[in-house]
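What follows is each chain in one-letter form.
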Amino acid sequence: MKRVFSMIFALVCAFACVSAQNVTVPEPDFIEETLLLTSDTSAVKLTRENATIKTKIGASVYLFGIGKAKSRLTIKGRKSASKAEGEATTRLIVKGANNNTDPNSFINIFKFQVKGNERRYQVAEAGTFSPTEKNNLAAIEYQAKKYGESSYLLTLTNLEPGEYGIYIGDPYTENTKNNMKITTFTVK
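Residues numbered from 1 in each chain as written. Predicted model: local features only at pLDDT ≥ 70, side-chain atom pairs only at ≥ 80, totals over all residues. Heavy atoms only, no water.

Enquirer: Could you clarify how one ought to interpret the overall build of the chain in this entry?
Expert: The helix and strand tally for the chain stands at two helices and 15 strands. Evaluated residue by residue, the chain yields a buried proportion of 36% over its 188 residues. Only carbon and sulfur atoms are counted for the fraction: they give 56% of the accessible area of the chain, which is about 11700 Å². (Helix = DSSP H or I, 4+ residues; strand = E, 2+ residues; numbered from the N terminus. Buried < 20%, exposed > 50% of the residue type's maximum accessible area, 1.4 Å probe, protein only. Areas by Shrake-Rupley, 256 points an atom, 1.4 Å probe, with all protein chains shown as cover.)

This is the structure in C-alpha cells:
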C-alpha cells in the first residue's frame, strides 16, 4: 500500500511540474522559421542553410554494370552555427501557415553524418539487384502541440550529440524557392 501511495504521489508531482511549464515565447515572425527554446521565456532562432543533393555511383557500376548509386542531401561545413545543450529534452517552435495539419506529415527532423567538411544525409539508394529507396528521411520522433495562432511546439527527448537538420515541407503547395533550405542545429 505504501508503494502504491508513493507511486501516486510521484505521478501527481510529475503532473504538477509539467503543468507548471508555461512557455511564453512569441511565435516566429515568418513561416518555416524555427526557434530553439532555451527556457520557458526565451529562445534563439535557428540557422537555415542551403543544401544540395549529391549522387555517387560506385565504380563497379561503370566497370561491370553492377553496384549501387546513393543520393545524399549535403550541407557545407562540419557544424551548424546554432547550438543546443545536450539535455533530456529539446524544445522547438516551428511556424507554419497554420497549425491545423499534423506536423509529422511535413516536418522531418534527422541526424546528419559528418564526413570531411560537410554534413550529409542519405535520401535515396538504387542498386542493380535491389529495389530503389527514395525520400527515406528516417525522422527522429517528436511530440507536437499547437502553439499560438499558427505554430507548433515540438518536444524531442534524449538527442545524442551531433548535427541535426529539420526539413519543413509545405503541406498545401510545393514551395520551390525553399525546397533545399534546411534548418540546422548542433547538440553538444
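Enquirer: What am I meant to see in the environment of isoleucine 166 here?
Expert: On the secondary structure map, isoleucine 166 appears in strand β14 (residues 162-168). The spacing of isoleucine 166 and lysine 111 is 55 residues in sequence and 9.0 Å in space, taken between C-alpha atoms. Residues within four places of isoleucine 166 in sequence aside, it is in contact with Thr34, Leu46, Leu92, Ile107, Asn108, Ile109, Phe110, Ile182, Thr183 and Phe185. (Contact = heavy atoms within 4.5 Å.)

Enquirer: Please clarify how the nonpolar core should be interpreted in this entry.
Expert: Soluble globular proteins tend to pack their nonpolar side chains together in the buried interior. With 18 residues, the main nonpolar core has Leu92, Ile107, Ile109, Leu154, Leu156, Ile166 and Phe185 as its most contacted residues. Of all elements in the fold, only β7 (89-95), β8 (107-111), β13 (151-157), β14 and β15 (181-187) reach the threshold of two or more residues within this core. Beyond its immediate sequence surroundings of up to four residues, leucine 92 is in contact with Thr34, Leu35, Leu36, Leu46, Ile109, Tyr152, Leu153, Leu154, Leu156 and Ile166. (Core = buried A, V, L, I, M, F, W, Y, C linked by side-chain atoms within 4.5 Å.)

Keep in mind these values describe shape, not function.
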